[in-house]
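# Observations on the three-dimensional arrangement
What follows is each chain in one-letter form.
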Amino acid sequence: MRVFWLQRLTCCGNTHSFLNYESLHTLFKRFEFLYHPSLSLKAQEETVEELIKSGEGIDILIVEGAVRTDEVETRELCKIAKYVIAVGNCAVYGNIPALADETVCGLSYRFKERRGLLDKDFKSRGGMPVINLSGCPAHPEWIVGTMLMLAEGMEPELDQWGRPKVFYSSLTHWGCTRNEYFEWKVEAEELGSKRGCLFYHFGCRGPLSYSSCNTILWNEVSSKTRAGTPCFGCTEYDFPRLGLWETKQYAGIPAELPIGVSKRGYIMLSGIAKMFAPERLKGEG
Ligand code: SF4
Ligand code: SF4
């Protein structure tokens, strides 16, 4: 399959993530990279121009980085691609580059608004909308897994934000090794601690964000919450937000509760949980 990796307004974090894929070498048997910023010798804009002029198609266009609303070449490339993947939060929602500039957006969205570079009803040559791999960065397995699905002729089922359900249908909280602490409302005493949950004081967005970070581990061994740092919710449209390391509270109740939990239910259950938390969960660590 012919792949073109286009870089726009980006810190290159998704390129780093992709290059960190454990079996990168095996991909070159399945995919021909017409251009990748770290693998190609030619300049990107020159290659884009040549490709558009040649009239030849692309199987997968991967866009990394936010785009400007007047980018003609990016639109042209999207038209000739069988599938388009937006990789990382900048390409999906605009993210940091869009914060201070109204003319910057993602391919389909500008934060939660459906006003990205492409028309709302955009479909690639293969008949699919843009496949969005949100995250800052997206996990290498999400990128490669999506590419392989397309190469095998399997079109991924997408959620309401255009993300493959196979990677984004569960919360980051799922599979976190701190779930028992969460249930009994035992809080971490400090960042990096092996014990305690990071939801109550340290701003963990695990119960509010969709990602498979705790089921498909990073570098096959770890995740933010396993390392003792909160999930920042980097797969959602409202990333980045202020106060990443703290839980905003009103009268001792988190301003944002886990998805699906009512305020009443939270108050009733958390009070009881804290009161009866097993001694073995408390202590040093
Ligand atoms: S640290 Fe975060 S993801 Fe882990 S159990 Fe607590 S709230 Fe959930
Ligand atoms: S744990 Fe949270 S902040 Fe970290 S990569 Fe996963 S979704 Fe993003």
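Preceding this section is the structure that the text describes.
Structure report, in brief. As the structure is a prediction and not an experimental result, all values here were calculated from the model.

### Concerning the sheet that holds strand β1 (residues 2-7)
Read across the open sheet, the five strands follow the order β2-β1-β3-β5-β7; overall the sheet is parallel. Both edges of this open sheet fall to β2 (32-35) and β7 (131-133), since each of them pairs with a single strand only. Direction aside, neighbouring strands of the sheet carry axes that sit 25° apart on average. Pairing analysis gives six bridges linking strand β3 (residues 58-64) to strand β5 (residues 81-87), with the strands arranged parallel.

### Some remarks on the packing of helix α3 (residues 44-54) against helix α4 (residues 72-80)
The angle between the axes and the distance between the axes are what describe a pair of packed helices. Following both chains from N to C, one finds α3 and α4 inclined at 50°, their axes separated by 11 Å at the closest point. Classified by the interaxial angle, the pair formed by α3 and α4 is oblique. Regarding α3 and α4, the two cross each other, and that crossing is left-handed. Contact with α3, carried on its side by Val48, Leu51 and Ile52, involves Glu73, Glu76, Leu77 and Ile80 of α4 and no other residues of that element. A per-class count over the contact of α3 with α4 returns five nonpolar, no polar and two charged.

### Some thoughts on the site of ligand 2
Around ligand 2, the structure places Thr172, Ser211, Cys213, Trp218, Lys224, Cys231, Phe232, Gly233, Cys234 and Thr235. Split into classes, the residues belonging to the shell around ligand 2 amount to five nonpolar, four polar and one charged.

### Here we look at the site of ligand 1
Every residue near ligand 1 is listed here: His173, Cys176, Arg178, Asn179, Phe182, Cys197, Leu198, Phe199, Cys204, Gly206, Pro207 and Thr225. Class assignment of the residues belonging to the shell around ligand 1 gives a composition of seven nonpolar, four polar and one charged.

### Here's the deal with α4
Buried within α4 we find Thr74, Leu77 and Cys78. For α4, the angular spread of buried residues about the axis comes to 100°, placing them on one side. Buried residues along α4 sit against β1, α3, β3, β4 (67-68) and β5.

### Focus: the pattern of salt bridges
Tallying each qualifying case throughout the model produces 20 salt bridges. Residue Arg8 pairs with Glu45 through a salt bridge whose shortest N-O separation is 2.9 Å. Taken together, the residues span a long stretch of sequence, with Arg8 in the loop between β1 and α1 (13-19) and Glu45 in helix α3 at a distance of 37 residues. A cluster of three or more residues bridged by salt bridges with shared partners is formed by Glu102, Arg110, Glu113 and Arg115.

### Focus on the packing of aromatic side chains
Inspection of every chain in the model, using the stated rule, returns 14 aromatic pairs. With 5.7 Å between their ring centres and 80° between their planes, Tyr93 and Trp161 make a pair best called edge-to-face. One end of the pair, Tyr93, is in helix α5 (residues 89-93); the other, Trp161, is in the loop between α7 (140-151) and α8 (165-168), and 68 residues separate them in sequence. A relative accessible area of 14% means that Trp161 is categorised as buried.

### Observations regarding helix α11 (residues 263-275)
Its 13 residues place the ends of α11 18 Å apart at the C-alpha level, agreeing with the 18 Å of an ideal helix rising 1.5 Å per residue. Of the surrounding secondary structure, the elements contacted by the buried residues of α11 are α9 (179-183) and β9 (253-254).

### Side note on the nonpolar core
By size, the foremost hydrophobic cluster in this structure holds 27 residues, and its most contacted members are Phe18, Ile60, Ile62, Ile85, Ile143 and Met147. At the level of secondary structure, the elements contributing two or more residues to this core comprise β1, α2 (24-30), β3, β5, β7, α7 and α8. The dominant element in this core, judged by the number of residues it contributes, is α7, at six residues. For Phe18, the contacting residues outside a window of four places in its chain are Trp5, Leu24, Leu27, Phe33, His36, Pro140, Ile143, Val144 and Met147. Of all hydrophobic cores here, the second largest spans 25 residues; its members include Leu77, Val84, Ala91 and Tyr93.

Cut-offs applied
Residues numbered from 1 in each chain as written. Chains lettered and ligands numbered in written order. Predicted model: local features only at pLDDT ≥ 70, side-chain atom pairs only at ≥ 80, totals over all residues. Heavy atoms only, no water. Pairing = 2+ DSSP bridges. Helix = DSSP H or I, 4+ residues; strand = E, 2+ residues; numbered from the N terminus. Axes fitted to C-alpha atoms, helices over the stretch in contact; angles between N-to-C directions. Parallel < 35°, antiparallel > 145°, perpendicular 65-115°, else oblique. Left-handed = near helix turned anticlockwise from the far one by under 90°. Contact = heavy atoms within 4.5 Å. Nonpolar A, V, L, I, M, F, W, Y, C, P; charged D, E, K, R; others polar. Near = heavy atom within 4 Å. Buried < 20%, exposed > 50% of the residue type's maximum accessible area, 1.4 Å probe, protein only. Arc of directions from axis to C-beta. Salt bridge = Lys/Arg side-chain N within 4 Å of Asp/Glu carboxyl O. Phe/Tyr/Trp six-rings, centres within 6.5 Å; stacked < 30°, edge-to-face > 60°. Expected span 1.5 Å × (residues − 1). Core = buried A, V, L, I, M, F, W, Y, C linked by side-chain atoms within 4.5 Å.

Take it as geometry only, folks, not as evidence of what the structure does.
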